[in-house]
Amino acid sequence: MAEVTDIVLEGGGVKGLGLAGAMAAFGDAGWSVARVGGTSAGALVGAVLAALQQRGESPSRLVDVARTLDFGKFPDRGFPGRYLGPLGFLADGVSVLVEDGAYEGDYLRHWLSGVLGDLGVSTFGDLRTDDPGDDGTIRSRYRLAVTATDLSRRRLVYFPWDCADYGLDPDEQRVVDAVRASASIPYFFEPVTLTGPLGTSTLVDGAVVSNYPISMFDREDGEPARWPTLGVRLSAPGVTEDRPADRVRGPIELGAALVATAIEGCQAEHVEDPCNLARTIGVDASDVGTTEFDIGPAERDRLIERGRDAATAFLSTWDYGSWTRDCRPAAAAATTGRPR
């Protein structure tokens with residue numbers, strides 16, 4: 001019988017190639033994904049994964065899809081930067097001051113729209129699930145959920161779960177718009193604005209509040225889950241402590257480094273909980289920068305294979321029965337996630 005799981009994917013920019021490799025290993029092993037949650041790069045990979053699963057295709061296809069990304073186009077400057085050509089970096093600081101981000105994020109939208117369109121997905125309504133055994137909440141109704149940070153309301157939001165807060169019909173919400181908000185690295189990409197009944201909100205990268213919301217699918221009603229929630233992080237245990245010092249230069253790198261440091265500090269206790277560690281696949285991507293968009297083909301392939309190898313090793317020893325026996329009571333008492 002095929003194994004089923006929910007998946008939570010950590011954010012990490014370019015490092016997200018490791019997520020594609022990890023999910024390919026699930027496909028190779030015959031697993032299927034019921035629901036996927038992701039932040040930033042995890043939202044991008046998760047959206048494609050959800051569309052593949054909705055269409056009945058294997059997660060293994062993620063690797064081929066990921067290789068069509070042209071990372072060099074992610075830093076897409078606006079008109080002043082394009083006009084300056086090789087000197088476009090001179091306009092980056094102005095763009096941050098005027099538009100709150102150096103880059104437009106249009107390439108991300110265009111690429112993802114094309115991939116999802118080929119798979120028959122445009123809105124979250126295209127990713128609805130028909131599961132008579134679910135708990136009846138909106139959080140069980142869609143195959144995909146992505147996070148964003150609402151700076152105006154000082155909170156983490158989940159799309160499509162929280163669409164009603166913005167006066168939106170979750171079925172009509174475009175997946176690519178939610179992913180673009182989730183991937184809005186502060187200072188790097190321009191934020192996304194969304195106007196609703198409570199006013200106009202500024203949305204940025206979900207990682208600002210939670211880069212790895214591993215408990216987002218955990219039940220809160222005390223009932224046992226029908227399958228596990230597993231997660232993929234873009235760091236291996238012990239790597240952070242031995243990380244070499246990287247020189248931070250310029251306002252864009254400084255902003256990204258500030259956010260990354262805050263993220264790792266605020267989520268460390270939750271992520272390092274033994275029960276969460278036990279259901280987490282760690283992919284060592286420590287030698288690749290989040291915004292290292294000039295990464296070469298060899299480094300791309302290496303990240304993908306690290307993800308595949310890490311997930312293959314994890315699945316060879318994973319025992320949901322043991323995890324449930326040791327961790328489910330504690331998880332039910334302590335979860336801050338969302339029920340499924």
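Residues numbered from 1 in each chain as written. Predicted model: local features only at pLDDT ≥ 70, side-chain atom pairs only at ≥ 80, totals over all residues. Heavy atoms only, no water.

Novice: Now, about the overall build of the protein: what can you tell me, with residues and values included?
Specialist: Counting its secondary structure elements, the protein contains eleven helices and ten strands. Counting all 340 residues of the protein, 52% fall into the buried class. Put simply, 77% of the contacts in the protein that link residues at least 6 apart link residues at least 24 apart. About 15,000 Å² of surface is accessible on the protein, with carbon and sulfur atoms providing 53% of the total. (Helix = DSSP H or I, 4+ residues; strand = E, 2+ residues; numbered from the N terminus. Buried < 20%, exposed > 50% of the residue type's maximum accessible area, 1.4 Å probe, protein only. Contact = heavy atoms within 4.5 Å. Areas by Shrake-Rupley, 256 points an atom, 1.4 Å probe, with all protein chains shown as cover.)

Novice: Describe helix α7 (residues 175-182), with residues and values.
Specialist: Where burial is concerned, most of α7 is hidden: seven out of the eight residues are buried. Those residues of α7 not exposed but buried are Val175, Val176, Ala178, Val179, Arg180, Ala181 and Ser182.

Novice: Quick one: what's the story with the pattern of salt bridges, residue by residue and with numbers?
Specialist: According to the stated counting rule, one finds 16 salt bridges in the structure shown. Here glutamate 57 makes a salt bridge to arginine 61, at a shortest N to O gap of 2.5 Å. Residue class for arginine 61 comes out partly exposed when judged on its relative accessible area of 36%. Notably, a salt bridge pairs aspartate 165 with arginine 155, separated by 3.4 Å at the nearest N-O pair. (Salt bridge = Lys/Arg side-chain N within 4 Å of Asp/Glu carboxyl O.)

Novice: Please give an account of the side chain of arginine 143 that cites residues and values.
Specialist: The residue arginine 143 is located in the loop between α6 (106-118) and β4 (144-150) in this model. Although arginine 143 lies buried, it forms no salt bridge, and the closest oppositely charged side chain, aspartate 6, sits 7.7 Å away as judged by the N-O distance. A polar atom in the side chain of arginine 143 sits 3.3 Å from the backbone oxygen of alanine 34. Looking at arginine 143, its side chain comes within polar contact range of the side chain of glutamine 54, at 2.7 Å. (Lys, Arg positive; Asp, Glu negative; His and termini not counted. Polar contact = N/O pair within 3.5 Å; in protein donor to acceptor, adjacent residues only side chain to side chain.)

Novice: Give me the lowdown on the pairing of strand β2 (residues 32-38), citing residues and values where you can.
Specialist: Most of β2 is tucked away, with six of its seven residues classed as buried. Looking at chain direction, strand β1 (residues 4-9) and β2 are connected through five bridges and run parallel. The partner of threonine 5 across the bridge, within β2, is valine 33. Following the chain from β1 across helix α1 (residues 17-28) to the adjacent parallel β2, one finds a crossover that is right-handed. Inspection of the sheet shows β2 paired to β4 by three bridges, in the parallel sense. By the bridge assignment, valine 36 is partnered in β4 with leucine 144. (Pairing = 2+ DSSP bridges. Right-handed = clockwise from strand over helix to strand, strands pointing away.)

Novice: Summarise the packing of aromatic side chains; cite the residues concerned and give the values.
Specialist: With the rule as written, the count across this model stands at eight aromatic pairs. Between the aromatic rings of phenylalanine 26 and tryptophan 31, the centroid separation amounts to 5.5 Å while the plane-to-plane angle is 80 degrees, which identifies the pairing as edge-to-face. Here phenylalanine 26 falls in the buried class, since its relative accessible area comes to 0%. Taken together, Phe314, Trp318, Tyr320 and Trp323 form an aromatic cluster joined through their ring pairs. The ring centre of tyrosine 166 lies 5.6 Å from the NZ or CZ of arginine 153, which sits over that ring. Against the face of tyrosine 212 rests arginine 233, its NZ or CZ located 5.7 Å from the ring centre. (Phe/Tyr/Trp six-rings, centres within 6.5 Å; stacked < 30°, edge-to-face > 60°. Lys NZ or Arg CZ within 6 Å of the ring centre and 35° of its normal.)

Novice: Any chance you could break down the packing of α1 against helix α10 (residues 297-317) for me, citing the residues and the numbers?
Specialist: When two helices pack together, their arrangement is given by the angle between the helix axes and by the axis-to-axis distance. Taken N-terminus to C-terminus, the directions of α1 and α10 make an angle of 45 degrees; their axes are 6 Å apart at the nearest point. By the criterion of interaxial angle, the relationship of α1 to α10 is oblique. As α1 packs across α10, the resulting crossing turns out to be right-handed. Listed contacts from α10 to Leu17, Gly18, Gly21, Ala22, Ala24, Ala25, Phe26 and Asp28 of α1 are Arg300, Leu303, Ile304, Gly307, Arg308, Ala311, Thr312 and Leu315. Grouping the constituent residues of the contact of α1 with α10 by class yields nine nonpolar, four polar and three charged. (Axes fitted to C-alpha atoms, helices over the stretch in contact; angles between N-to-C directions. Parallel < 35°, antiparallel > 145°, perpendicular 65-115°, else oblique. Left-handed = near helix turned anticlockwise from the far one by under 90°. Nonpolar A, V, L, I, M, F, W, Y, C, P; charged D, E, K, R; others polar.)

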